[in-house]
Amino acid sequence: MKERTDLQGDAKPADSSATGAGPLLVVWWSATGGTEQLARAAADAAAGSDPGDAVVLLRCDLAGPEAVSSAGGYLFCTPENLASMAGMMKDFFDRCYYPVLDRIVARPYASIVCAGSDGTGATRQIDRIATGWRLRRVAEPMIVLTDAQTPEAILAPKRIDEVSLQAARDLGEAMAAGIGMGIW
Ligand SMILES: Cc1cc2nc3c(=O)[nH]c(=O)nc-3n(C[C@H](O)[C@H](O)[C@H](O)COP(=O)(O)O)c2cc1C
């Protein structure tokens with residue numbers, strides 16, 4: 001798996017799989033760790049035993065149009081904040097939307113939203129943007145609730161339960177396999 005953690009601009013996924021499709025791009029933001037754990041679980045499982053380029057994991061501030069256009073599919077992972085996706089994730093979409101418009105049509109995507117008690121607002125926003133890009137949703141929206149509702153609970157570091165981490169692994173693995181086999 002490739003992961004860029006520096007701030008050198010747009011990280012470019014290499015061409016990857018046996019079919020020549022680009023890699024699964026797992027792009028994420030997290031403030032208190034929940035979404036990050038889910039994104040990493042999905043990306044680790046997507047990479048599987050393949051040490052190559054089947055998956056690229058990028059924090060969203062390190063991802064730009066080049067990473068989006070050269071990917072074969074997308075797993076968008078964000079917390080829900082104030083009934084929306086996280087602002088940093090919105091900034092990622094704002095920066096990338098027009099540069100890749102019409103260049104990524106029909107590619108597969110899925111989403112993971114980590115939320116205190118809801119998650120539907122962020123999921124809806126992702127779907128609207130993906131519709132504009134004319135991507136195809138290939139898995140049901142995944143929403144993981146952390147039950148954080150008081151200010152103290154919301155600010156506390158999150159620990160995602162094993163059942164949810166396994167669901168994220170299953171999703172990442174299925175997406176990478178689907179892209180690799182060219183079934184979408
Ligand atoms: C400013 C702010 C606003 C939030 N708004 C919502 C919300 O509208 N709906 C919800 O279900 N959770 C909301 N939450 C809770 C977070 O989604 C929750 O803590 C989640 O675990 C954060 O993910 P993270 O650990 O990856 O940062 C909010 C948290 C913050 C800090």
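The coordinates are above.
Residues numbered from 1 in each chain as written. Predicted model: local features only at pLDDT ≥ 70, side-chain atom pairs only at ≥ 80, totals over all residues.

**Q** Looking at this structure, I do not really get the overall build of the protein chain. What am I missing?
**A** Per the secondary structure count, the protein chain includes six helices and eight strands. In the protein chain, the order of α-helices and β-strands from amino to carboxyl end is β-β-α-β-α-β-β-α-β-α-β-β-α-α. Looking at the 184 residues of the protein chain, the share that counts as buried comes to 46%. A separation threshold of at least 6 residues defines the contact pool for the protein chain, and within that pool the share at least 24 residues apart is 83%. (Helix = DSSP H or I, 4+ residues; strand = E, 2+ residues; numbered from the N terminus. Buried ≥ 20, exposed ≤ 12 C-beta atoms within 10 Å, placed from the backbone. Contact = placed C-beta atoms within 7 Å.)

**Q** Can you help me understand the site of the ligand in this one?
**A** With respect to spatial proximity, 21 residues lie near the ligand, and among them Gly34, Thr35, Pro79, Ala115 and Gly116 are the closest. Contributions of two or more residues to the shell around the ligand are made by helix H1 (34–47), strand S4 (73–81) and strand S6 (108–115). Counting residues per element, the shell around the ligand draws most heavily on S4, at three residues. Within the shell around the ligand, the residues separate by chemical class into eight nonpolar, 10 polar and three charged. (Near = placed C-beta within 6 Å. Nonpolar A, V, L, I, M, F, W, Y, C, P; charged D, E, K, R; others polar.)

**Q** Would you explain H1 in this entry?
**A** Along an α-helix, residues three or four apart share an orientation, since each turn contains 3.6 residues. Taking 1.5 Å of rise per residue, the 14 residues of H1 would be expected to cover 20 Å, and the 20 Å separating its terminal C-alpha atoms lies within 8% of that figure. Burial of H1 is extensive: 13 of the 14 residues sit out of reach of the surface. Looking one or two places after H1, you find Gly48, whose phi comes out positive at around 50°. (Expected span 1.5 Å × (residues − 1).)

**Q** Just checking my understanding: could you explain unusual backbone geometry for this structure?
**A** A negative phi angle is the norm for most residues apart from glycine, just as the trans form is the norm for most peptide bonds. Phi at Ala106 is positive, roughly 75°, even though this residue is not glycine. By the element assignment, Ala106 lies in the loop between helix H3 (87–100) and S6. Residue classification places Ala106 among the exposed residues on the basis of 9 C-beta atoms within 10 Å.

**Q** Where do I start with the environment of Ala148 in this structure?
**A** Relative to the elements of secondary structure, Ala148 occurs in the loop between strand S8 (142–145) and helix H5 (151–155). When the 19 C-beta atoms within 10 Å are taken as the criterion, Ala148 is described as partly exposed. When the C-alpha positions of Ala148 and Ser117 are compared, they lie 7.0 Å apart, and in sequence the two are 31 residues distant. Ala148 has contacts with Gly116, Ala153 and Ile154, leaving out every residue within four places of it along the chain.

**Q** Please explain the nonpolar core as it appears in this structure.
**A** The nonpolar side chains of a soluble globular protein tend to be buried with one another. Ranked by internal contacts, the top residues of the largest apolar core, which has 56 residues, are Leu24, Val26, Val27, Ala42, Ala46, Val55 and Ile112. Here this core gets eight residues from one element, more than from any other, and that element is H1. The residues contacting Ala42, other than those within four sequence positions of it, are Val26, Leu75, Ile112, Ala168, Arg169, Leu171 and Gly172. (Core = buried A, V, L, I, M, F, W, Y, C linked by C-beta atoms within 7 Å.)

Just geometry here; none of it tells us what the structure is for.
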